[in-house]
Each structure stands twice: as structure tokens, then as C-alpha cells.
Amino acid sequence: VHQCYIATQLSQSLKFHALFSCVDIVSLVSSHPAACNSLAKYAAANIKDVDLGFICKHANGILASSLISYLKAAQLTLFEDNCDTTISSVFTKYYVDNTEPLAVLSHCKEKDQ
């Protein structure tokens, strides 16, 4: 299997697994392009149809109920007027080396994808 298809195949396999049969909410705390693309394909939804009101109402509670400590303690920013490019962000204080995701993003921009 080519590396670029691994995340998509994994998410599609999980989508139909019995553990996920009753899942109503799916979220992602990642800026990695492959993770974001995989979630978009998993949800099979148009980004225009995302219920932003639902996100605004429930995001804090969802993070607070997480079993992952750095998500539970994360600082959430939603729909702030002073941000012109970010709809939402989660500051987890968890260091991530973004060198690879930024290189992938640059490559996609070069190919106009």
C-alpha cells in the first residue's frame, strides 16, 4: 500500500468497525494534512455543511471529558473576531515538530491541490 493511502484506508476501516457504529461526533486535534484529509474523507461531508453552532456549544465539554490529559487541559479558541485565518484552535502545550506537515503543505500548494 502506498504511504499516501494508509491514513485514508485506516479511517475507512475504522468507520465500519463495530466500535464506531454508534459514533455521532468525530473531531480531530491535528494540523497534519494527512490527518485532516483522512477525517474529511471519513465524514464524507461537505465542509459547508458543518454545524458551527454545535461546535461552539459543545467543543469545551468534549475536550473537558477527554481521557487524554493534554486535551483535557487544552486552551480552546473558537471563532474570535481578531483572527482572520483561524476558525478554531486548541493549544495543548504538547510540542509537535511541524517540519513534515509544512513540507507537505508546500508541496500541495505547488501542485495547486
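Residues numbered from 1 in each chain as written. Predicted model: local features only at pLDDT ≥ 70, side-chain atom pairs only at ≥ 80, totals over all residues. Heavy atoms only, no water.

Participant: Whenever I open this one, helix α5 (residues 99-110) confuses me. Can you help?
Facilitator: For an α-helix, 3.6 residues make a turn, and residues three or four places apart therefore share a direction. With 12 residues, α5 should cover 16 Å at 1.5 Å per step; its first-to-last C-alpha distance of 17 Å lies within 8% of that length. Positive backbone phi, at 55°, marks Asp 112, one or two positions downstream of α5. (Helix = DSSP H or I, 4+ residues; strand = E, 2+ residues; numbered from the N terminus. Expected span 1.5 Å × (residues − 1).)

Participant: Got a minute to help me understand the environment of Lys 41 in this structure?
Facilitator: Structurally, Lys 41 can be placed in helix α2 (residues 33-43). A sequence separation of 32 residues divides Lys 41 from Gln 9, and the C-alpha atoms of the two residues are 9.9 Å apart.

Participant: Whenever I open this one, a nonpolar patch on the surface confuses me. Can you help?
Facilitator: Among the surface-exposed residues, Ile 25, Val 50, Leu 52, Phe 54, Ile 55, Ile 62 and Phe 79 lie close enough to one another that they form a single nonpolar patch of about 510 Å² accessible area. Relative to the assigned elements, Ile 62 resides in helix α3 (residues 52-64). (Patch = residues over 30% accessible without salt bridge, like charges linked within 9 Å, V, L, I, M, F, W, Y side chains within 5 Å. Areas by Shrake-Rupley, 256 points an atom, 1.4 Å probe, with all protein chains shown as cover. Salt bridge = Lys/Arg side-chain N within 4 Å of Asp/Glu carboxyl O.)

Participant: I would appreciate a short explanation of the confidence of the model for the protein chain in the present structure.
Facilitator: A low pLDDT score tells you not to read the predicted coordinates there in detail. With 80% of its residues at a pLDDT of 70 or more, the protein chain shows a mean pLDDT of 76. Considering each helix and strand of the protein chain separately, the mean pLDDT is smallest for helix α1 (residues 3-15), with a value of 67, and largest for helix α4 (residues 69-72), with 86. (pLDDT = per-residue confidence, 0-100.)

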